[in-house]
Amino acid sequence: MIAMLAAPTLSAQEVEDVEVIEVSGIRASLTTALLEKRETTNLVEIIQAEDIGKLPDQNLAEVLENITGIQITRTAGVGTGVQIRGSNSNNVLINGVQTVSSGTGRGGISFEDVSASIIAGVEVAKASDAKTIEGSVGGTVNLRTIRPLELDERLVNVRVQGEDSSLTTDGIQPRFSAVYGDNWDTDSGKFGFVFSGSLTKQESSSFRPRVDRDGSLVENCNAVVVRSGEAEDIADRPACQDFDFLGIQFLNQEYENFEYETTNISTTFEYAPNDNTKFFVDVVLTDQERRQDSTRVQGSGVSSVLNYNVPTEFEMVNYGSLDGVALGSIQTAVRGTIEPDLSVDDDDPNLRFSSDTGARLTDTSLFRIGGEWQGENLFASFEISSADSDTTNPNLSTTLNFINPNAPLDGLDDDGNITANTSNDNAVPFIYDLTGGALTFGINFDSPMAPTVAQLMDPANVVLDQVTLGRNETNNSLDALRADFTYFLEDSPVTSIDFGFRLSKRESTFNDISDNIGGFSKMVDSPSGSLFSELLVAGPDNFGDADGRELAMRNFIIVDPDLAFNDPDYVLNTLESALIAHDASPDLSNLVPSSSAFFSIAEETQAIYAQANFEFGDLLTGNFGLRHLETTVDSTGNTITSAGDVLTTISGDYSYTLPKLNIVMTPHDDVVLRLGWGQDIRRPDFSDLNTSVSYDPNINRSVSIGNPGLEPQEITTLDLAVEWYFAEAAVVSIGYFDKEISNLFVSTLDSSPRDANGYFEYTDTTCAGGGIFNPVAQGDDFLAPLGVTGACVDKATQVNDSAKTTQTGIEMAVQYDLSSFEDDLGWASGFGFMANYTIQEYKGGSVVNESAGRGTDIFNAINGIYNDADFVKVTAVQGLLDFSENAYNITTYYEKHGLSARLRYTWREAFRTDDTAGGASRNSTLGFPVYTHDRGQLNASVSYDVNEQLNIGVEAVNLNKAGVTQSCVNEGAILCFQGLADRRITFGASYRF
């Protein structure tokens, strides 16, 4: 067997004192992890691999979900985001080396970019010491690989697996991993080498129906509605009732599909010329191709006939309260049809088909070289590390407008021919049923204006509306030099002094390379699908597979997403040839870097630390230290002036001294008491510091503006814990934590006002009334007239909250197995279980969100106010996003006679977030983060040792097909979004040579 883990981030002396445990199987891995946890001076949680390349889960984020106080977020069912004690702001290290992200964030390498098969153990430090690299709010995650000098026999292992998803159509996706490791004693010393690699393909899908009802207010028949001083005519809302109600504003059926191809290589070389000296080289390489192959079928322009379609069924929705203020209730449409009324709008509601084929191609590398030496009283280590990532985001996404042969086109001449005024869409009838907690809708085939299935699939009945092109580039690098020393003292309560320094240089550069063809509004600009029919394929028709829904949009065509990704030049040339054939002077692509969006940020940090380690007999150990750091920041971007682009650099600097204290008391052999206290900082993400701006042609999307004046968050943390180790692989623990945060980063939204027609300002580029001018925003006939380019849209930015916030929580855990009762229970002694529960609370903050324009309409109508001159906006303190107050994990397992089985149920309580299942902005969520409902997921795995070399197994993720449900404003309020996730089954075998 093998002892295969990189040493945890302990002091040198602690590393020497940790007993080496041979790891194989669930029980052995739990025993080893508990031993390491017990021996550490600071509060650390550890997960060990059960065997070579076999952590408890296939995905590293889902591995971390096993730990008390950690919740995760998922993209199409795959774990991608990790919150430690309610915070997304955490550091990710590999073998103690800080990593860089694929984007412009601070956290480090993305968990989906590293296969769990190359990781031997995971360590999460919740309470840091003075040598810990600064920058974490919740905790520091250290991914540990196999160390070759600790192998006691040659290691050769191969694992082959396949994964199948219940909602994808591409079949089984392969996984392959292998590891080789050995060490050799020679006259020159001991050499060791490990190589591990993996190739993983994965496809994950979710169905995400979205129904917007934010711009759908129909005031009651007796209301006197006044906008901009003018009373609206009651005859303009014949659908009005004796009560106010919300109808339907927008329909979006999204099939979200991601295809991953991840290659990981990890290799380590170690050389120990003698017992006191060791040199090492670590190399970790990752190649991630994350391809999006998603479709959207949209019912747009629905609100144009809002006042002319009476729903057949309503339900009363209570919006709850914000900051103690009751928002009230309003009737909401849940069943009905949306029939075109050509006398009101001659081309709406309309139907659009979009194919989203964006991707992320990331190459990441990490190099670490160094050595360590142990003298009589002095331990010294030295290392140089370099981490970098290069990311490209290719994108070729398209939108097609459906031209319904059973509805007329507008703007035709007397002979029925298309003119310059003919819109490139026309009317389509819809039907919806939003009862039973499901957002279901589709085409109303009972309407005389309904298209047939054959017509929906005919290339001649679609026209090209828009092509979105992109090849954005993000480059991150982090070079560091560090030296750490420990001086050991004798006959003193202070057993040793740790001290050292770390110098680092970090850079992040972003280039927006994008373009947009179209956003057309007229038929004269929009080529027919018959001119590029070779690109068109049927869209996915399995939208009911997740929940058995019958009402859905199953018949539509899209630009082939596989072709758009694999041969984008051919697709673009074909589309541009169609444009030229249709129009002699068309809008063609011009894919060049955007000077207004470019930024480059350079950051240099010098840090020194000193820490005293103390011990008072067997009763008390601990450490106290200080970490001092000084950072300089240069933020470079283009300032756009009337004379052209001016490259501007804004510089700043800051310094902090961060104290740390950790105390461990052992009043009894089996009882450990812990106290941790310390201060840390969290620097802003690079994208939040930049001085540049990116614009999107979608007028409904806010423009994000950087804030180079952002200051780092300051965090003070207190930890108290009691741990009772009442058996070899058993523990009961309870802990309390308190985090006080100053300068919290919060998002603010500066809303752009709308006129009496519901339009944004598009003639005054100064946007005096609010918002920011977006020069490429395309009018959509709802927020600006069709044909308009440029409008004042909402502006989003990050600021520091001037008030302090606090997070407090209690973490409880229990772990036990029946192995000690083998004589009494026999085969049943193989059972064991683990459980943990976290309850936490968040208080404070002063930055408020306020209702967006559409939300203000609704909330005032609830209170009987229909004159916008008298409107009062609803406000609420934002609070901490992605923060669940309660969460728990329960795991039961069985291990005996070569059989290992595990069943885990994970639950987290509802939380507020800006990560909407339908990709909407706060404009569509009434100005507030959405409320993601409680969610529980069941995972399971079974494996069997056929012999000492061969193991076979199967793993299941999301057995209960748990999805995401999101309400606007509050839980129990209006249902806005759903995310219907897949079930994934992985099966395979591993062989040890």
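Cut-offs applied
Throughout, residues of each chain are indexed from 1 in the direction in which the sequence is written. Whole-chain, interface and lining totals are the exception, using all residues; otherwise, since this is a predicted model, local features are given only for residues with pLDDT of at least 70 and side-chain atom pairs are given and counted only at 80 or more. Hydrogen atoms and water are omitted, and side-chain values are computed over all heavy atoms in the structure. Secondary structure is summarised from DSSP: a helix means a run of H or I of at least four residues, a strand means a run of E of at least two, and numbering begins at the N terminus for each. It is over C-alpha atoms that the radius of gyration is taken, and the globule rule equals 2.2 Å times the number of residues to the power 0.38. Any residue under 20% of the maximum accessible area for its type is buried, any over 50% is exposed, and the rest in between are partly exposed; the area is computed with a 1.4 Å probe on protein chains only. The criterion used for residue contact is that any of the two residues' heavy atoms lie within 4.5 Å. The Shrake-Rupley method, run with a 1.4 Å probe, gives the accessible areas here. Residue values count only the displayed protein chains as cover. Should DSSP find at least two bridges between two strands, the strands are taken to pair. In this description, a line fitted to the C-alpha atoms serves as the axis of each element, helices being fitted only across the stretch in contact, and the angle between N-to-C directions of two axes falls anywhere from 0 to 180 degrees. Think of pLDDT as the predictor's per-residue confidence, scored from 0 to 100. The length a helix should cover is 1.5 Å for every residue beyond the first. Here, patches come from residues exposed beyond 30% relative accessible area and free of salt bridges, joined within 9 Å for like charges and within 5 Å for nonpolar side chains (Val, Leu, Ile, Met, Phe, Trp, Tyr). By definition here, a salt bridge exists when the distance from a side-chain nitrogen of Lys or Arg to a carboxyl oxygen of Asp or Glu is within 4 Å. Buried Ala, Val, Leu, Ile, Met, Phe, Trp, Tyr and Cys residues that are joined via side-chain atoms within 4.5 Å together make up what is termed a nonpolar core.

Trainee: How should I be thinking about the overall build of the protein chain in this particular structure?
Mentor: Counting its secondary structure elements, the protein chain contains nine helices and 56 strands. Taking 30 Å as the expected radius of gyration for a compact globule of 993 residues, we find that the protein chain reaches 30 Å, a close match to that expectation. For the protein chain, the spread of C-alpha atoms along the principal axes amounts to about 100 × 55 × 55 Å. Of all 993 residues assigned to the protein chain, the portion counted as buried reaches 58%. Contacts in the protein chain between residues at least 24 apart in sequence constitute 74% of all its contacts with a sequence separation of at least 6. For the protein chain, the accessible surface area stands at approximately 37,400 Å², while carbon and sulfur atoms represent 52% of it.

Trainee: I would appreciate a short explanation of the sheet that holds strand E4 (residues 91-94) in the present structure.
Mentor: Strands belonging to one sheet form pairs held by backbone hydrogen bonds; the direction of such a pair is parallel or antiparallel. An order of E1-E6-E7-E4-E5 is seen for the five strands of this open sheet, with the pairing classed as mixed. Edge positions in the open sheet fall to strand E1 (44-48) and strand E5 (97-98), since each of these has one partner strand only. When E1 meets strand E6 (residues 121-125), the two strands line up antiparallel, connected through five bridges. Bridge pairing links Gln48 to Gly121 in E6. Set on the sheet, helix H2 (residues 26-39) makes contact with E1 and strand E7 (140-144); between it and E1 the angle comes to about 155°.

Trainee: Got a minute to help me understand the confidence of the model for the protein chain in this structure?
Mentor: The pLDDT averaged across the protein chain works out to 90; a share of 96% of its residues lies at or above 70. Scored below 50 in pLDDT, residues 1-23 shows 67 contacts in the model against residues more than four places distant or in partner chains.

Trainee: I keep staring at the sheet that holds strand E37 (residues 703-705) and nothing clicks. Help me out?
Mentor: What the three strands build is an open sheet, ordered E37-E43-E40; its pairing is mixed. With partners counted over all chains shown, the strands left at the sheet margins are E37 and strand E40 (745-750), one partner each. Each neighbouring strand pair of the sheet contributes to a mean axis angle of 30°, computed without reference to strand direction. Sheet topology places E37 next to strand E43 (residues 795-800); three bridges connect them, and they run parallel. Its bridge partner being in E43, Val703 is matched across the sheet by Lys795.

Trainee: How should H2 be read in this particular structure?
Mentor: In an α-helix there are 3.6 residues to a turn, and that puts residues three or four apart on one side. With 14 residues, H2 extends 20 Å between its outermost C-alpha atoms, agreeing within 8% with the 20 Å of an ideal straight helix rising 1.5 Å per residue. Counting buried positions along H2 gives eleven out of 14 residues, so the element sits mostly inside the fold. Regarding H2, the residues found buried are Ile26, Arg27, Ala28, Ser29, Leu30, Thr31, Thr32, Ala33, Leu34, Glu36 and Lys37.

Trainee: Honestly, a nonpolar patch on the surface in this entry has me stumped. Any pointers?
Mentor: Together, Ile172, Leu899, Val942, Tyr944, Val946, Ile952, Val954 and Phe987 make up an exposed nonpolar region whose accessible area comes to about 640 Å². Those elements that provide at least two residues to the nonpolar patch are strand E52 (935-945) and strand E53 (950-957). Relative to the assigned elements, Leu899 resides in strand E49 (residues 899-908). What makes Leu899 partly exposed here is its relative accessible area of 32%.

Trainee: Would you take a moment to explain the nonpolar core for this structure?
Mentor: Within soluble globular proteins, side chains that are nonpolar generally end up buried alongside one another. Residues Ile248, Ile338, Leu351, Phe353, Leu400 and Phe532 are the most contacted members of the largest nonpolar core, which totals 42 residues. For this core, the secondary-structure elements that each account for two or more residues are strand E21 (329-338), strand E22 (350-356), strand E24 (378-402), strand E25 (430-433), strand E26 (440-443), strand E27 (462-488), strand E31 (557-559) and helix H6 (568-582). Those residues in contact with Ile338 that sit more than four places away from it in its chain are Ile248, Leu251, Val302, Val305, Asn309, Pro349, Val428, Pro429, Phe430 and Tyr432. Listed in part, the 27 residues of the second largest apolar core include Leu60, Ile67, Ile118 and Val122.

Trainee: Whenever I open this one, the side chain of Ser300 confuses me. Can you help?
Mentor: Within the secondary structure layout, Ser300 lies in strand E17 (residues 294-300). Leaving out residues up to four positions away in the same chain, Ser300 has contacts with Phe250, Asp348, Pro349, Asn350, Arg352 and Phe782.

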